[in-house]
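Here's the letter readout for the chains.
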Amino acid sequence: MSQLRRIAGVQVRGAESAPYAARLLAETFGSSTDGVPVHLDADPALPEGTYRIEVPAGGGPGADPTGDGGIRLTGDPFAGLIYAARELTELATERRVPVGVREQTPGLALRTLWTWDHSTNWDLRQLGLQEIGALNPYAKSADAFGADYRRLVDFCSRERIGGIVVYGLLRDAHGGVDAARDLCGYANERGVRIIAGIGVNAYGGIYFDGRHRYNLATWLRQRPDLAAELPKKVGFDIDEFGDLHFPASEYMMAACPSQPDNLAWNRDAVDWLLETIPVGGINFETGDYGSCACARCTRRTGGERTSWSYEAMRSVYPTLLDTARRTGPAGVPLRHLVEVYWDNIFDLPAQRPLADLPDDVAYQYCVNRGFWYDNRDRLTAAHVEALPHTTNVLRTHAGSQWNRQRHSWVPQLYADMAARVGAAGMRGLTIFGEAGAYHPTNEISYLAYARFGWNPELDWADFWRDEVAPRFGGGAEAEAFRDGAGLLDAPAADAVALDRVRTDALGMVAATSGAVQRRWLWLAERAARYAYSAG
């Protein structure tokens, strides 16, 4: 049995290194001038998210690493100290913590949730919720943006998820620059990077929606000669979703990547963004809803005809990545992601134009659910070694609306991806994080992502026992919930089968309370809704 040390109040030393960590400790243990000293030591040499907790038995000078009988928390300056403080508070039982040394470092360095602002729904009291779209207007009130994303940031900080990509970060409808600054400040304090999703010559530019000089539609109204010549059909096709057409609006305007003035405009916009908003990085993409077909682009690309363009990436990224190479929050380097688009990670010849791009950012390969299951055995260390760059991340549409799984139960899928990504030597995994954790299917899927992203070698049985079973009232009950939730996604499920799920779930509602009851109530309501529609 572990030796425990009583903590009747703390004196936090080094709080300036991590004010939020200091606040967590004070809230849990209480502040006291004669309390146990807790030293917060920021170590910039540690990988992001890494930390160490040293709890001596006490006894005064010479008896412990601090020399004063105190506890020492060491971590990287952005997230590690926050993770250390949170773990220490979670270890506490009646203000007693285990004596000893605990060290943690993330198995996947890059753990990121990907979102669009208009369909991120973590505060479900809002009007104007949307569940799908990539070029949508914002339908909620302005303050809903902060309400949704603060909840998401809190979840990520608590579950050790390092960043959130936000497309639509800058939009007049929810506060523009001021709202983006507020969100980034809130997230940085809690060890979560807000990664600005930007379209280069597409997707609204750097300032997604508004009359701003770095909004793409504003720019192209001033310089219509710089617009891209897009195909008649603007959109893309995903096997699990179908053929998607984007509506004709200024959101889907695009600029020609062969025009030097467009590159200069994008460069200046990236510089403005990083000087103005304390983001933790940028998620770059050059657009996936149509390639420019002007004569200049056709000559340069040799007739490349896909909904995205590798040649466009090669022409713009050296300049933009050089502009973006700078220090970010807590004095640590910004963390940038470059989209390489989807279901092409094994097409090495197509990626040759990317070989000369800078190697100090992460290149993000997206996969859809069917492609993953058909090809996952090909994701080997040898293949990852053959990719054009050294830092590679897998992103997936699985578990999102783009694979018709926005509220599906997919924890084993995420666990499988994290394990294979880690074993192959990729540096991270990105999933969609728009649907709030109120939905138990999303909650458990996110927890699987967080736990297996932190430790890709985690045993599934341990995860089920420690994380899943307690949330549903036991192991057998969790299996019943999983099976009932799975029926919601079964096209052949009829009203009779769905009503049986509803009845069983209501039985669990009557037998449980609190958060466990809430999860079963969700399943009962969902099954009733589906049964009504199937009847």
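Reading guide: rules and limits
- Residues numbered from 1 in each chain as written.
- Predicted model: local features only at pLDDT ≥ 70, side-chain atom pairs only at ≥ 80, totals over all residues.
- Heavy atoms only, no water.
- Helix = DSSP H or I, 4+ residues; strand = E, 2+ residues; numbered from the N terminus.
- Rg over C-alpha atoms; globule rule 2.2 N^0.38 Å.
- Buried < 20%, exposed > 50% of the residue type's maximum accessible area, 1.4 Å probe, protein only.
- Contact = heavy atoms within 4.5 Å.
- Areas by Shrake-Rupley, 256 points an atom, 1.4 Å probe, with all protein chains shown as cover.
- Lys, Arg positive; Asp, Glu negative; His and termini not counted.
- Charge placed at Lys NZ, Arg CZ, Asp CG, Glu CD.
- Pairing = 2+ DSSP bridges.
- Right-handed = clockwise from strand over helix to strand, strands pointing away.
- Polar contact = N/O pair within 3.5 Å; in protein donor to acceptor, adjacent residues only side chain to side chain.
- Core = buried A, V, L, I, M, F, W, Y, C linked by side-chain atoms within 4.5 Å.
- Phe/Tyr/Trp six-rings, centres within 6.5 Å; stacked < 30°, edge-to-face > 60°.
- Lys NZ or Arg CZ within 6 Å of the ring centre and 35° of its normal.
- Axes fitted to C-alpha atoms, helices over the stretch in contact; angles between N-to-C directions.
- Parallel < 35°, antiparallel > 145°, perpendicular 65-115°, else oblique.
- Left-handed = near helix turned anticlockwise from the far one by under 90°.
- Nonpolar A, V, L, I, M, F, W, Y, C, P; charged D, E, K, R; others polar.
- Expected span 1.5 Å × (residues − 1).
- Salt bridge = Lys/Arg side-chain N within 4 Å of Asp/Glu carboxyl O.
- Patch = residues over 30% accessible without salt bridge, like charges linked within 9 Å, V, L, I, M, F, W, Y side chains within 5 Å.

K.L.:
Hey, could you run me through the overall build of the protein chain in this one?
P.N.:
What the protein chain contains, in helices and strands, is 16 helices and 17 strands. For a compact globule of 535 residues, the expected C-alpha radius of gyration is about 24 Å, and the protein chain comes in at 24 Å, within 12% of that figure. Principal axes of the C-alpha set define a box for the protein chain whose edges measure 80 × 60 × 50 Å. Burial status across the protein chain gives 59% buried among its 535 residues. Once local pairs closer than 6 in sequence are excluded, the contacts in the protein chain between residues at least 24 apart make up 76%. Split by element, the accessible area of the protein chain, about 21000 Å² in all, is 50% carbon and sulfur. Across the protein chain, the 55 positively charged side chains and the 67 negatively charged ones have centroids separated by 2 Å.

K.L.:
Please explain the pairing of strand β3 (residues 36–42) as it appears in this structure.
P.N.:
Looking along a regular strand, one sees the side chains alternate between the two faces of the sheet. The element β3 is largely enclosed, with a buried count of five among its seven residues. For strand β2 (residues 10–13) and β3, the ladder comprises four bridges, and the chain directions are parallel. Directly across from V10, in β3, lies its bridge partner V36. With helix α1 (residues 19–29) bridging β2 and its parallel neighbour β3, the resulting β-α-β unit is left-handed. Pairing geometry for β3 and strand β5 (residues 71–75), over five bridges, is parallel.

K.L.:
Can you walk me through the side chain of H397 in this structure?
P.N.:
Its place among the elements puts H397 in the loop between β16 (392–396) and α11 (411–424). Setting aside residues no more than four positions away along its own chain, H397 makes contact with I238, W342, C366, V367, N368, W402, N403 and F432.

K.L.:
It is not clear to me how the side chain of E87 should be interpreted in this structure. Could you clarify?
P.N.:
Positionally, E87 belongs in helix α2 (residues 80–91). Side chain to side chain, E87 and Y51 meet in a polar contact 2.2 Å long.

K.L.:
How should the nonpolar core be read in this particular structure?
P.N.:
The biggest cluster of nonpolar side chains holds 136 residues, and the ones touching the most others in it are L273 and F284. Residue contacts for L273: discarding those within four places in its chain leaves L170, A196, I198, I206 and I282. In this structure, A21, I82, V97 and W454 belong to the second largest nonpolar core, which totals 28 residues.

K.L.:
Got a minute to help me understand the packing of aromatic side chains in this structure?
P.N.:
Given two aromatic rings, one states the distance between the centres and the angle between the planes to describe the pair. Within the structure shown, the criterion is met by 30 aromatic pairs. With a centroid separation of 6.5 Å and an interplanar angle of 75°, the aromatic rings of Y51 and Y83 are classed as edge-to-face. Taken together, the positions of Y51 in strand β4 (residues 51–55) and Y83 in helix α2 put the pair 32 residues apart, joining distant regions of the chain. Here a set of aromatic residues connected by ring pairs shows up, and it is made of W409, F452, W460, F463, W464, F472, F481, W520 and W522. Taking NZ or CZ as reference, R190 lies 3.6 Å from the ring centre of Y186, over its face.

K.L.:
Explanation requested: the packing of helix α12 (residues 440–454) against helix α13 (residues 460–472) in the structure shown.
P.N.:
In helix packing, the relevant descriptors are the interaxial angle and the interaxial distance, both defined with respect to the helix axes. Running from amino to carboxyl end, α12 crosses α13 at an angle of 150°, the nearest separation of the two axes being 11 Å. Taken as axis vectors, α12 and α13 run roughly antiparallel relative to one another. Between α12 and α13 lies a crossing of right-handed hand. Across from P440, E443, I444, L447, A448, R451 and F452 in α12, the residues of α13 making contact are W460, F463, E467, V468, R471 and F472. Its residues assigned to classes, the contact of α12 with α13 shows nine nonpolar, no polar and four charged.

K.L.:
Just to check I follow, could you spell out the sheet that holds strand β8 (residues 110–116) for this structure?
P.N.:
Strands pair in a sheet through their backbones, by hydrogen bonds, and they do so in one of two ways: parallel or antiparallel. If you trace the eight strands once around the closed barrel, you get β8-β9-β10-β13-β14-β15-β16-β17, paired in parallel fashion. When the angles between neighbouring strand axes are averaged without regard to direction, this sheet yields 25°. As paired elements, strand β14 (residues 337–342) and strand β15 (residues 362–367) share four bridges and run parallel to each other. Paired with W342 across the two strands is C366, which belongs to β15.

K.L.:
Would you mind showing me how to read α11 here?
P.N.:
Turn by turn, an α-helix covers 3.6 residues, leaving residues three or four places apart pointing in a common direction. With 14 residues, α11 ought to run about 20 Å at 1.5 Å a step, and its terminal C-alpha atoms sit 20 Å apart, in line with that. If you check which residues of α11 are buried, you get P411, L413, Y414, A415, D416, M417, A418, V421 and A424. Looking one or two residues past α11, G425 carries a phi angle of roughly 90°, positive in sign.

K.L.:
Is there a simple way to explain the pattern of salt bridges in this structure?
P.N.:
If charged atoms from side chains of opposite charge come close, those side chains can pair. This structure, assessed with the given rule, holds 43 salt bridges. A salt bridge links D416 to R420; the nearest nitrogen and oxygen atoms lie 2.8 Å apart. Here D416 pairs with R420, and both are found in helix α11, just four residues apart, close to one helical turn. Accessibility expressed as a relative area gives 18% for D416, which makes it buried. Within the structure, one salt-bridge network assembled from shared partners comprises R158, E159, E443, R451, E467, R471 and R519.

K.L.:
Any chance you could explain the environment of Q259 here in plain terms?
P.N.:
Here Q259 lies in the loop between β12 (242–245) and α6 (260–276). Leave out the neighbours within four places in its chain, and Q259 touches D225, L226 and R296.

K.L.:
Explain unusual backbone geometry here, please?
P.N.:
Generally, phi is negative for residues other than glycine and the peptide bonds are trans, each holding for most cases. For R95, which is not glycine, the phi torsion reads 60° and is therefore positive. Of note, R95 is situated in the loop between α2 and β6 (96–98). R95 gets classed as partly exposed once you look at its relative accessible area, which sits at 37%. Positive phi outside glycine occurs at R160, with the angle close to 60°. Take R160: it is sitting in the loop between α3 (142–159) and β9 (163–167).

K.L.:
Is there a simple way to explain the environment of D489 in this structure?
P.N.:
With respect to the helices and strands, D489 occurs in the loop between α14 (475–488) and α15 (495–511). Sequence separation of D489 and Q405 is 84 residues, and the distance between their C-alpha atoms is 8.0 Å. Setting aside its immediate chain neighbours within four residues, D489 contacts S408 and W409. A distance of 2.6 Å separates the side chain of D489 from the side chain of S408, its partner in a polar contact.

K.L.:
Help me out: how do you make sense of a nonpolar patch on the surface in this one?
P.N.:
Judged by side-chain polarity, L124, L129 and Y438 come together as a nonpolar surface patch covering roughly 250 Å² of accessible area. Following the sequence through the fold, L129 ends up in the loop between β8 and α3.

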